[in-house]
Amino acid sequence: MKVFPTLQDASELAGCALALGNFDGVHLGHQALFRVAGSLSVPAALTFEPHPGKVLQPALAPKLITKLGRKLELLGAYGLTAAIVLPFTAAYAATPAEGFEASLLDGLKAAFLVVGQDFTYGAHRAGTVATLRRAAQARGAEVHVVEPVTVEGVVASSSRIREYLLEGRVSAARALLGRAFDLDGVVVRGAGRGRTLGWPTANVETDAEIRPGSGVYAVRLRLGDSPTAPWRGGAANVGSRPTFGGRDVCVEVHILDWAGDLYGQSVRVEFLERLRPEQRFGSIPELAAQIGRDVEAARLVVPHPTG
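Because the structure is predicted, anything quoted here is derived from the model rather than measured.

Trainee: Any chance you could explain helix H7 (residues 158-166) here in plain terms?
Mentor: For an α-helix, the turn length of 3.6 residues means that residues three or four places apart are oriented alike. All of the buried residues in H7 are Ser158, Ile161, Arg162, Tyr164 and Leu165. Projected down its long axis, H7 shows its buried positions confined to an angular sector of 165°, all on one face. If you follow the buried residues of H7, they end up packed against helix H1 (28-40), strand S8 (154-155), helix H8 (170-177) and strand S9 (181-188).

Trainee: Even after reading the chapter, I still don't get the sheet that holds strand S13 (residues 250-255), so can you show me in this structure?
Mentor: As a general point, the strands of a sheet are linked pairwise by backbone hydrogen bonds and lie either parallel or antiparallel. Spatial ordering of the closed barrel is given by S9-S10-S13-S12-S11-S14, a layout of 6 strands whose pairing is antiparallel. Going across the sheet, the axis of each strand differs from the next one's by a mean of 45°, ignoring polarity. Examined bridge by bridge, strand S11 (residues 215-223) and strand S14 (residues 266-276) share 8 bridges and lie antiparallel to one another. Considered in S14, the bridge of Tyr217 is made with Arg274. Together, S9, S11 and S14 form the strand contacts of H8, whose direction differs from that of S14 by roughly 120°.

Trainee: Would you explain the side chain of Glu270 in this entry?
Mentor: Along the chain, Glu270 turns up in strand S14. For Glu270, a relative accessible area of 12% gives the class buried. Apart from residues lying up to four places away in sequence, Glu270 is in contact with Ala180, Phe181, Asp182, Ala218, Val219, Arg220 and Trp231.

Trainee: What exactly am I supposed to notice about the side chain of His51 here?
Mentor: Relative to the elements of secondary structure, His51 occurs in the loop between strand S3 (43-49) and helix H2 (52-56). Classification of His51 as buried rests on a relative accessible area of 16%. Looking at His51, its side chain comes within polar contact range of the main-chain nitrogen of Gly53, at 2.9 Å. If we ignore the near neighbours within four places in the chain, the residues touching His51 are Asn22, Pro62 and Leu64.

Trainee: Is there a simple way to explain the sheet that holds strand S2 (residues 17-20) in this structure?
Mentor: Strand order in this open sheet of 6 strands is S1-S4-S3-S2-S5-S6, and the pairing throughout is parallel. A single partner strand is all that each edge strand has here, and the edge strands are strand S1 (2-4) and strand S6 (142-146). Put simply, the sheet's adjacent strands are angled 25° from each other on average, direction ignored. Here S2 pairs with S3 via 4 bridges, running parallel. Paired with Leu18 across the bridge in S3 is Ala44. Each of S2, S3, strand S5 (112-116) and S6 touches H1; the most contacted strand, S5, lies at about 160° to it.

About the thresholds
- Residues numbered from 1 in each chain as written.
- Predicted model: local features only at pLDDT ≥ 70, side-chain atom pairs only at ≥ 80, totals over all residues.
- Heavy atoms only, no water.
- Buried < 20%, exposed > 50% of the residue type's maximum accessible area, 1.4 Å probe, protein only.
- Helix = DSSP H or I, 4+ residues; strand = E, 2+ residues; numbered from the N terminus.
- Arc of directions from axis to C-beta.
- Contact = heavy atoms within 4.5 Å.
- Pairing = 2+ DSSP bridges.
- Axes fitted to C-alpha atoms, helices over the stretch in contact; angles between N-to-C directions.
- Polar contact = N/O pair within 3.5 Å; in protein donor to acceptor, adjacent residues only side chain to side chain.

Structure below.
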């Protein structure tokens, strides 16, 4: 997938079907837009960096489900040919709706614009689906509005997925994402307590803005950045390790049937199912016994390593 930093650089996309949105999480609702775009013409997406909320209302801006690199990876995985990533600034936010319309329809010469039913644009969000459709029709282009995607009556939305993740409901988040929530990080040295308990863990340092709520999870972990690298099952603790009086939230993964030095390696962790909430134990042996039970519970979710 090609990535363009400006509309001018993307002139080769003239006649494309352009999906418009922030696409945080690249969930089932977003994927529906991409499928419609692909049925119309060369499918591409227009998105912004940073998230507009971080510029317009930084104190209220949402924590991102997917940072830019992962979002672009997913856009390509879901069939898009190209993505235009426009810098979002206060000056850009002041662009009148008519200017935004002209940049896509006259400048880029997109033939199709694909949006969700609540799409707004331009200064003060003055532009709506209705105004976009009129602007497109005046130029011989088309606007296609995609209805929300629901799963068992719940609308797939970035805000709902964030809510589920913060509550630790990774299975519910997975249903709306269409895949397991994941985060990327690097394995760093920890206090080594897991090894002394008989359950060595990889301490994952991550810059992810959001992570699942405190608890123990069945996970998969992939070493390195290659999409063809094997996945291994594991049990992960997300929390402050209250038995040891910890305060900082950490992500620690015990990898099933694995022995080796992972320090400094990049990893991706997928959260499959929450096994239990985090808790404080009265003794170290009690904690070690519970970890053993957690590992066996994780095996039931990811019973076999894949490589």
